[in-house]
Amino acid sequence: AQSVTQLDSQVPVFEEAPVELRCNYSSSVSVYLFWYVQYPNQGLQLLLKYLSGSTLVESINGFEAEFNKSQTSFHLRKPSVHISDTAEYFCAVSKASGSARQLTFGSGTQLTVLP
Amino acid sequence: DAGITQSPRHKVTETGTPVTLRCHQTENHRYMYWYRQDPGHGLRLIHYSYGVKDTDKGEVSDGYSVSRSKTEDFLLTLESATSSQTSVYFCAISESAAGLISYEQYFGPGTRLTVT
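Note that this is a predicted model, so its numbers are computed, not measured.

A. Looking closely at the pairing of strand β12 (residues 109–114) of chain A. Residues and elements named next belong to chain A. Burial of β12 is one-sided: the residues T109, L111 and V113 facing one way are buried, the residues Q110, T112 and L114 facing the other way are not. In terms of strand pairing, strand β2 (residues 10–14) meets β12 through five bridges, oriented parallel. Bridge assignment links F14 to a residue of β12, and that residue is L114. In this sheet, β12 lies alongside strand β10 (residues 87–95) in antiparallel orientation, the contact comprising three bridges. By the bridge assignment, Y89 is partnered in β12 with T109.

B. Inspection of the nonpolar core at higher detail. All names here are of chain A. L33, W35, L47, L48, F74, L76 and Y89 are the most contacted members of the largest nonpolar core, which has 27 residues in total. Counting only elements with at least two residues in this core, the list comes to β2, β3 (19–21), β5 (31–38), β6 (44–50), β8 (64–68), β9 (73–78), β10 and β12. Excluding residues that lie within four positions of it along the chain, Y89 makes contacts with Q6, L21, W35, Y36, V37, L47, F63, L76, G108, T109 and L111.

Rules used throughout
- Per-chain numbering applies: the sequence of each chain, read as written, is numbered from 1 onward.
- Whichever chain is written first is A, and whichever ligand is written first is 1; the rest continue in order.
- In keeping with the predicted nature of the model, local features appear solely for residues at pLDDT of at least 70, side-chain atom pairs appear and are counted solely at 80 or more, and the whole-chain, interface and lining totals rest on all residues.
- For the side-chain quantities, the full set of heavy atoms in the structure was used; hydrogens and water were omitted.
- Residue exposure (1.4 Å probe, protein chains only): buried if accessible area is under 20% of the type maximum, exposed if over 50%, otherwise partly exposed.
- Under the scheme used here, helices are H or I runs from DSSP no shorter than 4 residues and strands are E runs no shorter than 2 residues, and both carry numbers assigned from the N terminus.
- Between any two strands, pairing holds if DSSP finds at least two bridges.
- Only buried Ala, Val, Leu, Ile, Met, Phe, Trp, Tyr and Cys residues count toward a nonpolar core, and they belong to the same one when joined by side-chain atoms within 4.5 Å.
- The criterion used for residue contact is that any of the two residues' heavy atoms lie within 4.5 Å.

None of the figures reported here should be taken as evidence of function without further support.
Written out as structure tokens, the structure is:
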């Protein structure tokens, strides 16, 4: 079974400052990794994913995450945040084999960008 | 956005009553999922389906049943609702039936259920 730990439940940061949201996972098999974002009263939207290849993946709105197999981490970073980035962010993992495509989520990190 | 709708969007019901939540997709995706979201727990998988009439249990399936009689509809039933089932329920879909493998899931807008 897989598990995901998001180390910070709340991250306040000032506008235009950098931010890192931490995610560690545990699995005995190869995994795929995802970051989802949830704005208030909405469903989850995929932000970025790592399936294979380059360990650094980027989203269209300036976020990036790096897969680190030795540290079993997939931290999310942005060099300069905006007020509109305020949301809850979820890290998720699935097995890289098999057909179930089940996702295991972390407990979430609330990012609040302050003016 | 993926064509996923959930109904109802909000529901208040009494303990002991049956409740059915509906997820409808227009994307012809093979997999459908039901999650519940609770503070401090993230999203937890209740049940999922990998085809018409093919379903399996997730992490927190006790007290819930599902049915999928058509590709586009996935129903979640609480046979006898309890206060511990007060939550926000999300449906998700993945993997196009056209054979394009997609590992990410696309989520519906959610149903807020309150059991009093």
